[in-house]
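Residue-level structure breakdown
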Amino acid sequence: GVGGFGFSYKVGVVAGLVGAIVQIVMGLIGVVIVGYIIDALAPTFGAEKNLQQAIKTAVYALTAAWLGGVFGIIPALGIIGLLFSIYGIYLLYLGLPVTMKCPAEKAIPYTAVTVVAAFIVMIIIGVVVGSVTAIGSSRGSFSIGDGSGGKVTVDAGSAAGKLDQFAKKMEEAGKKMEAAQKSGNQDEANKAAMAALGTVLGGGKNVDPVDIEQLKPLVPDTFAGLPKKSSKAEKAGALGIMVSKAEARYGDEAGKRVDLEITDAGGAGGMMAFAGWAMVQGEREDESGREKTGKVDGRLTHEKMRKDGRNEFSVVIAERFVVTAKGKDVDLNALKSAVAGLDLKKLDALKDVGVSK
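Residues numbered from 1 in each chain as written. Predicted model: local features only at pLDDT ≥ 70, side-chain atom pairs only at ≥ 80, totals over all residues. Heavy atoms only, no water.

1. Description of the nonpolar core
We count it as follows: Here, nonpolar core means buried Ala, Val, Leu, Ile, Met, Phe, Trp, Tyr and Cys residues that are tied together by side-chain atoms lying within 4.5 Å of each other. Note on exposure labels: buried denotes an accessible area under 20% of the residue type's maximum, exposed denotes more than 50%, and partly exposed covers the range between, all computed with a 1.4 Å probe on protein chains only. Runs of H or I in DSSP of at least four residues are treated as helices and runs of E of at least two as strands, each being numbered from the N terminus.
Ranked by internal contacts, the top residues of the largest apolar core, which has 27 residues, are F223, Y250, V258, V323 and L347. For this core, the elements supplying multiple residues, two or more each, are β4 (241–251), β5 (257–264), β9 (310–317), β10 (321–328), α9 (332–340) and α10 (344–349). Core analysis: the second largest hydrophobic core is formed by 21 residues, V31, I37, L41 and F45 among them.

What follows is the structure in structure tokens.
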């Protein structure tokens, strides 16, 4: 099977082989792209531009993730592969001062921006590989061009169209970074780098999350038939990326419990947009329970039902807000019904608050 986000689906042998070959080739191309990103960012963080060293750094850092990927053969060991990937980030942090000669105090922001940019590259590669697999498994699923040599147009509202718009935004951010670097003003260069990071996470937009006072009224006194026991709200972030969240815990004397979270991803909302553009969906079922991700009424949803009584339901509103209900000994349908009973239209109405392009 192939897929992502914890889900897989079966494909034919031919489609599987083609997808595997494309994935290997695109993975190698991805390393080179990450190398170019490391090299391009070097002046911003006081490092030396050296493409050969940058690609070497990308290879070193990603090797851990590749080795850890073998654990994916056994789903139960998949978490070990994730730990290998995290270790790869640590290797990148250790390696940048050595290979790119960046100041030690700038290794953390250099690593953070590189990791986020690499994450976007991997998402795009995943979309490409998934598209190729889809072509191989479904005849005539779609075509590009008509053979007449005419210009191919892309629907601005489609996944390809939105990726094209994002690429243009990144190009603009890159030009601003380059101009700041040439000016010799390190503060301006750092601001430009953080703005580029915001462009990456925001999917081409700058988003300041709503004030917590606008989220708190959406948290009810009772949820899924349970009274509220505690609540809190906060607005925080790092590297200029802010997130707002309102949450509450509900429960009764019998031990039933629900944790409700309403989050405005703010500047990181572009990650959810990418997931929506790629039409991430799938199902998985094993001895512990089942999971399902898909789109319902145009909204990305995720549900998890476990045999130990721990159930979860999440829905993404306006590619920005995430409402998550995690229950213990509370039926999944009860969680879904309780989430549907919230004022989701009010969240949808807040989708443009704090957004600037």
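2. With respect to the pairing of β10
To be explicit about the condition: One requirement defines pairing of two strands: DSSP has to find at least two bridges between them.
Here β10 lies mainly inside the structure; six of its eight residues are buried. Across eight bridges, β5 lies against β10 in antiparallel orientation. Bridged to I262 within β10 is V323. Turn length for the β9-β10 hairpin, with the two strands adjacent in sequence and antiparallel, is three residues, and the turn residue A318 shows positive phi of about 55°.

3. Considering the side chain of T57
The line we're drawing: Identification of polar contacts relies on pairs of N or O atoms within 3.5 Å, with a donor-acceptor requirement for protein atoms, meaning one able to donate a hydrogen and the other able to accept it, and with residues adjacent in sequence counted only if both atoms are side-chain atoms. Contact between two residues is taken to exist if any of their heavy atoms lie within 4.5 Å; hydrogens are not considered.
Locating T57 in the fold gives a position in helix α2 (residues 51–68). At a separation of 2.7 Å, a polar atom in the side chain of T57 contacts the main-chain carbonyl oxygen of Q53. A polar side-chain atom of T57 sits 2.6 Å from a polar atom in the side chain of T99. Residues contacting T57, with those up to four places away along its chain left out, are I38, L92, L96, T99 and M100.

4. A short note on the confidence of the model for the chain
Note the cut-off: A residue's pLDDT is the predictor's confidence in that residue, given on a scale from 0 to 100.
Residue-level pLDDT values for the chain average 74, and 60% of them are 70 or greater. Here helix α8 (residues 269–277) is the element of the chain with the lowest mean pLDDT, 47, and strand β2 (residues 222–223) is the one with the highest, 96. Contacts for the low-pLDDT stretch residues 2–9, under 50 throughout, to residues beyond four places or in other chains number 19 contacts. Within the model, the stretch residues 135–152 combines pLDDT values under 50 with eight contacts to residues more than four positions away or in other chains.

5. Observations regarding the side chain of D264
With respect to the helices and strands, D264 occurs in strand β5. For D264, a relative accessible area of 0% corresponds to the buried category. Side chain to side chain, D264 and R320 meet in a polar contact 2.8 Å long. If sequence neighbours within four positions are ignored, D264 has contacts with P209, V210, L215, V243, S244, R320 and F321.

6. A short note on the packing of aromatic side chains
Note the following rule: Two aromatic rings, drawn from Phe, Tyr or Trp (for Trp, its six-membered ring), form a pair once their centres lie within 6.5 Å of each other, and the interplanar angle then sorts them: stacked below 30 degrees, edge-to-face above 60, tilted otherwise.
Applying the stated criterion to the full structure yields four aromatic pairs. Ring geometry for Y87 versus Y90: centroids 6.2 Å apart, planes at 40°, classification tilted. In this pair, Y87 and Y90 both sit in helix α3 (residues 78–100), three residues apart, roughly one turn of the helix. Classification of Y87 by relative accessible area gives partly exposed; the value is 45%. What makes Y90 partly exposed here is its relative accessible area of 43%. For the ring pair F223 and Y250, a centre distance of 5.6 Å and an interplane angle of 35° mean the geometry is tilted.

7. A few points about the pairing of strand β6 (residues 282–286)
Two elements, β6 and strand β7 (residues 289–296), share five bridges in a ladder whose sense is antiparallel. Residue D286 lies in a different strand from β7, and its bridge partner there is G289. Remark: two residues form the turn of the hairpin made by β6 and β7, two consecutive strands paired antiparallel.

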